[in-house]
Protein chains: 2
Amino acid sequence: MAQDDKKQIAFVLYPGLTPLDLIGPLQVLAPLSRIDPSFEAVVVARTKDPLPTDSVIGLVPSHTFDEVPAPFAIIVPGGGQPTLAAAGDKVLLDYVASADATTEMTMSVCTGALILAAAGLLDGRHATTHWAYVDILELLGANPMKARWVEDGKYLTAAGVSAGIDGGLHLAQRLVGDDAAGLIKLGLEYDPDPPLAPINWDPAFTDAVRPLWRAPLREVLELHPHLAR
Amino acid sequence: MAQDDKKQIAFVLYPGLTPLDLIGPLQVLAPLSRIDPSFEAVVVARTKDPLPTDSVIGLVPSHTFDEVPAPFAIIVPGGGQPTLAAAGDKVLLDYVASADATTEMTMSVCTGALILAAAGLLDGRHATTHWAYVDILELLGANPMKARWVEDGKYLTAAGVSAGIDGGLHLAQRLVGDDAAGLIKLGLEYDPDPPLAPINWDPAFTDAVRPLWRAPLREVLELHPHLAR
């Protein structure tokens, strides 16, 4: 079977995720196959049907979970309320946990870390997530850090949304080295020049605006009643 | 009809594009509707069927071209060889040109600029594109510049792939102001920290590696025989 010959990098797709969380690292890691044909990027979901995202676009996977039982790496993207729901989806959690048993790298982007944590993979580990959801990551047993990405053993967690590009490029660098990863960076012309002032990380400001993104903790506890201890 | 009430921001989807070219600015501009409900992001294609990209994921539009005849803005993503083919697709070019007749902003990402140029919208205008395709942009009548994004009148062209995030954020800033655009930036945690050395823009290097991305000019001329003059 293909997965015996290939090092599959499986991007986990579920309904309602934030598209850039998946597409950012996909765009960085899919070209690995052109550098080393033993790599193969795949997008996996429960079925091959198109799935909605939290934006006005649908995404279509390339494989089912069943078709990719033993990937080399999995990457779990995040999102808002639908990702919290996904963190309570037994089929998804079972796939993430069973895939993780064979991976050499398990990565999350944004609140995808909450899914890894809900699958029991981040207990006591250093990890990061979207800034507005850090307390939930802690509730789920991880040891949150503020960083663009965090590595703890084979677990690589990236911060919110766009951080999946940086985290993915770091992974590419580890897998194929600086020169090849530099060509991927050049191909994507990833030489960012963000407009506007740098993000204001003053907690007085981020605490004030957090409710714009955060599902109320009450709803999270309803999804994860075991946390209300 | 909806488009009479809404300022529609139409992302143009066609087969084989590079997903991040579309998803980057979509992720930045779709939240405008939460700031000003008169904005509405839509993803338009010839039909509503899922379309392949140049990566291992399909994308599903929200609307057909016919359903969005008079958008406030259009955004045309790019890619490699399939984008050069799209630049010769009369249905696509007709949509881009007729939509442009009503837009207040017409944007491209990466080689999407070649589609704008093929539609006759960039004649003599300053514009940018993916670094490996600048000569084709010039052949198609534009005046290429090396910049993260270029504005010339209502035409906003962004450089390769990831530059659509920066260009999109610049557009958001223009449409809703610094404070609101800053919240979008915070939501996406767009505080990039790229690994690896900065891109080496020495022409001796980029000339040497350009063939990795560039469709041969011969093929481009076959697609656009009117250029072989």
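Right, let's walk through the structure included here. (Residues numbered from 1 in each chain as written. Chains lettered and ligands numbered in written order. Predicted model: local features only at pLDDT ≥ 70, side-chain atom pairs only at ≥ 80, totals over all residues.)

Another aspect to go through is the packing of helix α2 (residues 19-29) of chain A against helix α2 (residues 19-29) of chain B. Working note: a packed helix pair is described by the angle between its axes plus the distance between those axes. At a closest axis distance of 10 Å, the pairing of α2(A) and α2(B) adopts a crossing angle of 145 degrees. Viewed along their axes, α2(A) and α2(B) form a crossing whose handedness is left-handed. Across the interface between the two elements, P19(A), L20(A), I23(A), G24(A) and Q27(A) from α2(A) touch P19(B), L20(B), I23(B), G24(B) and Q27(B) from α2(B). Residues that form the contact of α2(A) with α2(B) fall into these classes: six nonpolar, four polar and no charged. (Axes fitted to C-alpha atoms, helices over the stretch in contact; angles between N-to-C directions. Helix = DSSP H or I, 4+ residues; strand = E, 2+ residues; numbered from the N terminus. Left-handed = near helix turned anticlockwise from the far one by under 90°. Contact = placed C-beta atoms within 7 Å. Nonpolar A, V, L, I, M, F, W, Y, C, P; charged D, E, K, R; others polar.)

Attention shifts here to the interface of chain A and chain B. Every contact between the two is made by 53 residues of chain A and, on the other side, 53 residues of chain B. Sorting the residues of the side of chain A that touches chain B by element identifies α2, β2 (39-45), β4 (58-60) and α8 (163-187) of chain A as the ones contributing at least two each. If you tally residues by element for the side of chain A that touches chain B, the top one is α8(A), at 13 residues. Looking at the side of chain A that touches chain B residue by residue, the class counts come to 34 nonpolar, twelve polar and seven charged. Two strands pair when backbone bridges link them, and β4(A) and strand β4 (residues 58-60) of chain B are joined in this way by three bridges, in the antiparallel orientation. Bridge pairing links V60(A) to G58(B) in β4(B). (Pairing = 2+ DSSP bridges.)

A separate point is the relation of the copies chain A and chain B. Between the two copies of this chain, the relationship is a rotation about some axis together with a displacement along it. With an RMSD of 0.0 Å, the fit of chain A onto chain B corresponds to turning through 180 degrees and sliding 0.0 Å along the axis. Both chain copies can therefore be described as sitting about a two-fold axis. Taking C-alpha positions as reference, the residue of chain A nearest the rotation axis is L59(A), located at 2.4 Å. Interface overlap between copies is the fraction of interface residues in one copy that are interface residues in the other; for chain A against chain B it reaches 100%, indicating a shared surface. (Least-squares fit on C-alpha atoms with pLDDT ≥ 70 in both.)

Residue and element names in this part refer to chain B. Residues of strand β11 (residues 155-158) alternate between two faces, with Y155 and T157 on one and L156 and A158 on the opposite face, all of them buried. As defined by bridge partners, strand β7 (residues 105-109) adjoins β11 across four bridges and the pair is classed as parallel. Paired with T106 across the bridge in β11 is Y155. Pairing of strand β10 (residues 149-152) with β11, which is carried by four bridges, proceeds in the antiparallel orientation. Bridged to D152 within β11 is Y155. (Buried ≥ 20, exposed ≤ 12 C-beta atoms within 10 Å, placed from the backbone.)

All names here are of chain B. Taken together, seven strands build an open sheet; the order of strands is β5-β2-β1-β6-β7-β11-β10 and the sheet is mixed. Edge positions in the sheet fall to β5 (63-64) and β10, since each has one partner strand and no second. Pairing geometry for strand β6 (residues 73-76) and β7, over four bridges, is parallel. Bridge pairing in β7 links I74 to T106.

In this section: the environment of A127(B). Residue and element names in this part refer to chain B. Tracing the backbone shows A127 in strand β8 (residues 126-127). Take A127: there are 30 C-beta atoms within 10 Å of it, and that puts it in the buried class. Between the C-alpha atom of A127 and that of I74, which follows or precedes it by 53 residues, the distance is 16 Å. The residues touching A127, leaving out its near neighbours within four places in the chain, are A113, L122, L137, A142, N143, P144, M145, V150, D152, Y155 and T157.

Ranked by size, the top nonpolar core spans 154 residues in total, and within it L114(A) and L114(B) carry the most contacts. Non-local contacts of L114(A), meaning those with residues more than four positions away in its chain, are made with T83(A), L84(A), A87(A), T129(A), Y133(A), I136(A), L137(A) and L140(A). (Core = buried A, V, L, I, M, F, W, Y, C linked by C-beta atoms within 7 Å.)

This part covers the pairing of β6(B). Residue and element names in this part refer to chain B. Residues of β6 alternate between two faces, with A73 and I75 on one and I74 and V76 on the opposite face, all of them buried. With three bridges connecting them, strand β1 (residues 7-12) and β6 associate as parallel partners. Across the sheet, the residue bridging to A10 is I74, located in β6.

Spatial ordering of the open sheet is given by β5-β2-β1-β6-β7-β11-β10 (chain A), a layout of seven strands whose pairing is mixed. Only two strands of the sheet have a single neighbouring strand rather than two, namely β5 (63-64) and β10 (149-152) of chain A.

To continue, consider helix α8 (residues 163-187) of chain B. All names here are of chain B. The terminal C-alpha atoms of α8, which comprises 25 residues, lie only 18 Å apart, well short of the 36 Å expected from a rise of 1.5 Å per residue. G177 marks the point of greatest bend in α8, at about 125 degrees. Count one or two residues on from α8 and you reach E189, which has phi positive near 45 degrees. (Expected span 1.5 Å × (residues − 1). Bend = angle between axes of the 7 residues up to and from the residue.)

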